[in-house]
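Here's the letter readout for the chains.
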Amino acid sequence: MPKVILTIDHELQVDLTDAGLDIEQICLTALEAEGVHVRAKQAEADDTVLYQRGFEAGAEWATNRAQPAELEEIAEWASVRWRQFSIIPVRNSFAYAYCESVRQDYPRREEPFFLTNDSFSRGMVDGAAAVKSQT
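This structure is a prediction, so every number in the text was calculated from the model and none was measured.

The rules behind the values
- Residues numbered from 1 in each chain as written.
- Predicted model: local features only at pLDDT ≥ 70, side-chain atom pairs only at ≥ 80, totals over all residues.
- Heavy atoms only, no water.
- Patch = residues over 30% accessible without salt bridge, like charges linked within 9 Å, V, L, I, M, F, W, Y side chains within 5 Å.
- Areas by Shrake-Rupley, 256 points an atom, 1.4 Å probe, with all protein chains shown as cover.
- Salt bridge = Lys/Arg side-chain N within 4 Å of Asp/Glu carboxyl O.
- Lys, Arg positive; Asp, Glu negative; His and termini not counted.
- Charge placed at Lys NZ, Arg CZ, Asp CG, Glu CD.
- Helix = DSSP H or I, 4+ residues; strand = E, 2+ residues; numbered from the N terminus.
- Buried < 20%, exposed > 50% of the residue type's maximum accessible area, 1.4 Å probe, protein only.
- Pairing = 2+ DSSP bridges.
- Expected span 1.5 Å × (residues − 1).
- Polar contact = N/O pair within 3.5 Å; in protein donor to acceptor, adjacent residues only side chain to side chain.
- Phe/Tyr/Trp six-rings, centres within 6.5 Å; stacked < 30°, edge-to-face > 60°.
- Core = buried A, V, L, I, M, F, W, Y, C linked by side-chain atoms within 4.5 Å.
- Contact = heavy atoms within 4.5 Å.

Caption draft 1: Region of interest: a negative patch on the surface. On the surface, Asp9, Glu11, Asp15 and Asp18 cluster together into a patch of negative charge. Here Asp15 shows up in helix α1 (residues 10-18).

Pasting the structure below:
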């Protein structure tokens, strides 16, 4: 574990020690709290980037590949709170577009393909819905 050397005013050290405070523990707690804060901000930024990439992929699919019935099916999910939904790839090419976007093997054509609500998937659904709303 890395070691941190902290220099503080002698008077402050005496005051804190006389008050029964553990300076090392105070610093460790403060650094751990800051680490949690930094990781939370990074995760939020990562989610935003993933959502935007998904949005662009969904809009591209809706603009260039989707049939009207396919687009209608996917756009409906944008207005619903969902945790997971499935589509049949042979009936909706959204499954293939999703797999291409995340570099995943294509699903079987006749079996349900499940999408889980994560930043990328939600962005992809919203991107498709945005195109649908413009038509």
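Caption draft 2: Just the pairing of strand β1 (residues 84-87), in detail. Here β1 shows a clear split, with Phe85 and Ile87 buried on one side and none of Gln84 and Ser86 buried on the other. Judged from the four bridges that link them, β1 and strand β2 (residues 113-116) form a sheet pairing that is antiparallel. Looking across to β2, one finds that Ser86 is bridged to Phe114.

Caption draft 3: Focus on the pattern of salt bridges. Overall, the coordinates contain three salt bridges when judged by the stated rule. Residues Lys132 and Glu72 are paired through a salt bridge, measuring 3.1 Å at the closest nitrogen-oxygen approach. With Lys132 in helix α5 (residues 119-134) and Glu72 in helix α3 (residues 68-77), the pair connects residues that are 60 residues apart, well separated along the chain. A residue is classified by how much of its surface remains accessible, and Lys132, at 27% relative accessible area, is partly exposed. With a relative accessible area of 35%, Glu72 lands in the partly exposed category.

Caption draft 4: View of α5. Between its first and last C-alpha atoms α5 spans 23 Å; for 16 residues at 1.5 Å apiece the expected length is 22 Å, and the two agree. When we look at burial in α5, the residues that qualify are Ser119, Phe120, Ser121, Gly123, Met124, Val125, Gly127, Ala128, Ala129 and Val131. For α5, the capping residue at the N-terminal end is Asp118, with a side-chain oxygen 3.2 Å from the backbone nitrogen of Phe120.

Caption draft 5: Region of the structure containing the packing of aromatic side chains. Evaluated as defined, the whole model comprises seven aromatic pairs. Arranged with centres 5.0 Å apart and planes meeting at 80°, the rings of Trp61 and Phe94 form a pair that is edge-to-face. Taken together, the residues Trp61 in helix α2 (residues 23-64) and Phe94 in helix α4 (residues 94-102) connect sequence positions 33 residues apart. You'll find Trp61 and Phe94 in the same group, each marked buried. With centroids separated by 4.4 Å and ring planes inclined at 10°, the aromatic side chains of Trp77 and Phe85 adopt a geometry described as stacked. A residue is classified by how much of its surface remains accessible, and Phe85, at 3% relative accessible area, is buried. Three or more aromatic residues joined by ring pairs make a cluster, and in this case those are Trp77, Trp82 and Phe85.

Caption draft 6: Main features of the environment of Glu24. In this structure, Glu24 sits in helix α2. Of the residues examined, Glu24 reaches a relative accessible area of 65% and is grouped as exposed. With 10 residues separating them in the primary sequence, Glu24 and Val14 have C-alpha atoms 14 Å apart.

Caption draft 7: Here's a closer look at the nonpolar core. Counting residues in hydrophobic clusters, the biggest one holds 22 residues, and the most contacted among them are Trp61, Ile74 and Phe94. Contributions of two or more residues to this core are made by α2, α3, β1, α4, β2 and α5. Those residues in contact with Trp61, other than ones at most four positions away along the chain, are Ala66, Glu70, Leu71, Ile74, Asn92, Ser93, Phe94, Ala97 and Ala128.

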